[in-house]
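Architecture at a glance
What follows is each chain in one-letter form.
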Amino acid sequence: MQVFKSPKESLGDLGAMSAANLIAAATDVAVIVDGHGFIRDVAFNKEELSLELDAQGRWMGSKLSETVTSETRGKVGELLHEAAIRKASNWRQVNHPVRDGRDIPISYSAVRVGPQGHIIAIGRDMSKVAVLQQRL
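Because the structure is predicted, anything quoted here is derived from the model rather than measured.

Digging into the packing of aromatic side chains
By the definition in use, this model includes one aromatic pair. Summarising the aromatic geometry, the rings of F44 and W59 are spaced 6.0 Å apart at their centres and angled 50° between planes, so their arrangement reads as tilted. Note that F44 is positioned in strand β2 (residues 39-44) and W59 in the loop between α3 (47-54) and α4 (73-86), a separation of 15 residues in sequence. Residues F44 and W59 agree in their burial class; the two are buried.

Structural data, given as structure tokens:
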């Protein structure tokens, strides 16, 4: 990962609300997880994705690993472990089950932020790519 060369000069004292808006605008889903893997906050860029994945806010207080299929729970552990050790993780695709029986594939990368050891997992909806792959 390449970071800005002069973030203080370029971004100044970027406040929490500005950072939250930036993260939400730059990704399809962003999940803030504490050091034990529990979801502390969630942001979605698309209303329909929010309704499918987190209707009624059921993710809040859950472990991130509990929101994915059993086959991809290990990937969540790897994602959070890498972010905790290296500050940032590689991208990993996990599947979130939804009520109609489908799975929604989301590709996540995670970054450790702040003094409390929180991790922000930023995700990209891979549903359209999965549909194209199935057609091939």
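Some details on the nonpolar core
Ranked by internal contacts, the top residues of the largest apolar core, which has 23 residues, are V29, V31, L53, W59 and Y108. Contributing elements (two or more residues each) for this core: β1 (29-33), β2, α3, α4, β4 (103-113) and β5 (118-125). Excluding its chain neighbours within four sequence positions, the residues that come into contact with W59 are V29, V31, I39, V42, F44, L53, D54, T67, H96 and Y108.

Some thoughts on the pattern of salt bridges
Pairing is possible between side chains that carry opposite charge, provided their charged atoms lie close to one another. As enumerated under the stated definition, the model contains seven salt bridges in all. R92 is paired through a salt bridge with E78; the nearest N and O atoms lie 2.9 Å apart. Of this pair, R92 sits in strand β3 (residues 92-97) while E78 sits in helix α4, and the two are 14 residues apart along the sequence. The partner of R102 in a salt bridge is D100, with the nearest N and O atoms 2.8 Å apart. One continuous salt-bridge network, built from bridges that share partners, spans E78, E82, R86 and R92.

Basis of the calculations
- Residues numbered from 1 in each chain as written.
- Predicted model: local features only at pLDDT ≥ 70, side-chain atom pairs only at ≥ 80, totals over all residues.
- Heavy atoms only, no water.
- Phe/Tyr/Trp six-rings, centres within 6.5 Å; stacked < 30°, edge-to-face > 60°.
- Helix = DSSP H or I, 4+ residues; strand = E, 2+ residues; numbered from the N terminus.
- Buried < 20%, exposed > 50% of the residue type's maximum accessible area, 1.4 Å probe, protein only.
- Core = buried A, V, L, I, M, F, W, Y, C linked by side-chain atoms within 4.5 Å.
- Contact = heavy atoms within 4.5 Å.
- Salt bridge = Lys/Arg side-chain N within 4 Å of Asp/Glu carboxyl O.

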